[in-house]
Amino acid sequence: QVQLVESGGGLVQPGGSLRLSCVASGSILSINTMGWYRQAPGRQREQVAHITTGGRTNYADSVKGRFTISRDNAKNTVYLQLNRLKPEDTAAYYCTAHVQTIATMRWNDYWGQGTQVTVTS
């Protein structure tokens, strides 16, 4: 029905940058909020940032001033720019989207498979 595919993860040194992308495709009528979560080994999944259709954003305190979320509504894509990365940012990053599907007209949350970000010297 709906697929979310992330890309852009990788290995980077502390202080470096990465840009994550997530494209939503499938039986999509409308998308509301899109966002990013992350999960480090042995830790609970935590919200990193989210953005509404109108562009309102919200960030976790741990990433404020370093990460920037944006979206392209025409492309059903959400981005996460990661700057000044720290070793503690190492995690699998997952995108999520609140989607209304064509088939059912219902709203549901969908998740991507994740992309790994590793920050190490």
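Predicted model, so just to flag it, every value in this text is computed and none were measured.

Draft legend 1. Expanded view of the overall build of the chain. Scanning the chain from terminus to terminus reveals zero helices and 11 strands. For the chain, the N- to C-terminal ordering of α and β elements is β-β-β-β-β-β-β-β-β-β-β. By its C-alpha atoms, the chain is 50 × 25 × 25 Å across when sized along the principal axes. Burial analysis of the chain (121 residues in total) assigns 40% to the buried set. Summarising the internal contacts of the chain: among those between residues at least 6 apart in sequence, 57% fall at separations of at least 24.

Draft legend 2. Quick look at the packing of aromatic side chains. All told, the structure shown has one aromatic pair when counted by the stated rule. Positioned above the aromatic ring of Tyr79, the side-chain terminus of Arg19 is 4.0 Å from the ring centre. One residue, Arg45, lies across the ring of Tyr94, its end atom 3.9 Å from the ring centre.

Draft legend 3. Highlighting the side chain of Thr101. If you trace the backbone, Thr101 turns up in strand E9 (residues 91-101). Residue Thr101 is classed as buried on the basis of its relative accessible area of 0%. Apart from residues lying up to four places away in sequence, Thr101 is in contact with Gln1, Val2, Ser27, Leu29, Arg106 and Tyr110.

Draft legend 4. Just the nonpolar core, in detail. With 32 residues, the main nonpolar core has Trp36, Leu80 and Tyr93 as its most contacted residues. Per-element tally for this core: the top contributor is E9, with five residues. Apart from residues no more than four positions distant in its own chain, Tyr93 is found in contact with Glu6, Leu20, Trp36, Tyr37, Arg38, Val48, Phe67, Leu80, Leu82, Gly114, Thr115 and Val117.

Draft legend 5. A look at the side chain of Arg66. Structurally, Arg66 is set in the loop between strand E6 (57-59) and strand E7 (67-72). By relative accessible area, which is 6% here, Arg66 ends up buried. Each residue touching Arg66, except ones within four places of it in the same chain, is listed here: Gln81, Leu82, Asn83, Arg84, Leu85, Lys86 and Asp89.

Draft legend 6. Fine view of a nonpolar patch on the surface. A contiguous nonpolar patch, built from Leu29, Ile102 and Met105 and spanning about 300 Å² of accessible area, is present on the exposed surface. Relative to the helices and strands, Ile102 is located in the loop between E9 and strand E10 (107-111).

Draft legend 7. Spotlight on the pattern of salt bridges. This model, assessed by the stated rule, comprises four salt bridges. With a closest N to O distance of 2.7 Å, Arg66 and Asp89 form a salt bridge. Highlighted residues: Arg66 in the loop between E6 and E7 and Asp89 in the loop between strand E8 (77-82) and E9, separated in sequence by 23 residues. Through salt bridges with shared partners, a single network forms among Arg38, Glu46, Arg66 and Asp89.

Procedures and definitions
- Residues numbered from 1 in each chain as written.
- Predicted model: local features only at pLDDT ≥ 70, side-chain atom pairs only at ≥ 80, totals over all residues.
- Heavy atoms only, no water.
- Helix = DSSP H or I, 4+ residues; strand = E, 2+ residues; numbered from the N terminus.
- Buried < 20%, exposed > 50% of the residue type's maximum accessible area, 1.4 Å probe, protein only.
- Contact = heavy atoms within 4.5 Å.
- Phe/Tyr/Trp six-rings, centres within 6.5 Å; stacked < 30°, edge-to-face > 60°.
- Lys NZ or Arg CZ within 6 Å of the ring centre and 35° of its normal.
- Core = buried A, V, L, I, M, F, W, Y, C linked by side-chain atoms within 4.5 Å.
- Patch = residues over 30% accessible without salt bridge, like charges linked within 9 Å, V, L, I, M, F, W, Y side chains within 5 Å.
- Areas by Shrake-Rupley, 256 points an atom, 1.4 Å probe, with all protein chains shown as cover.
- Salt bridge = Lys/Arg side-chain N within 4 Å of Asp/Glu carboxyl O.

Everything listed is a geometric property; what it means functionally is a separate question.
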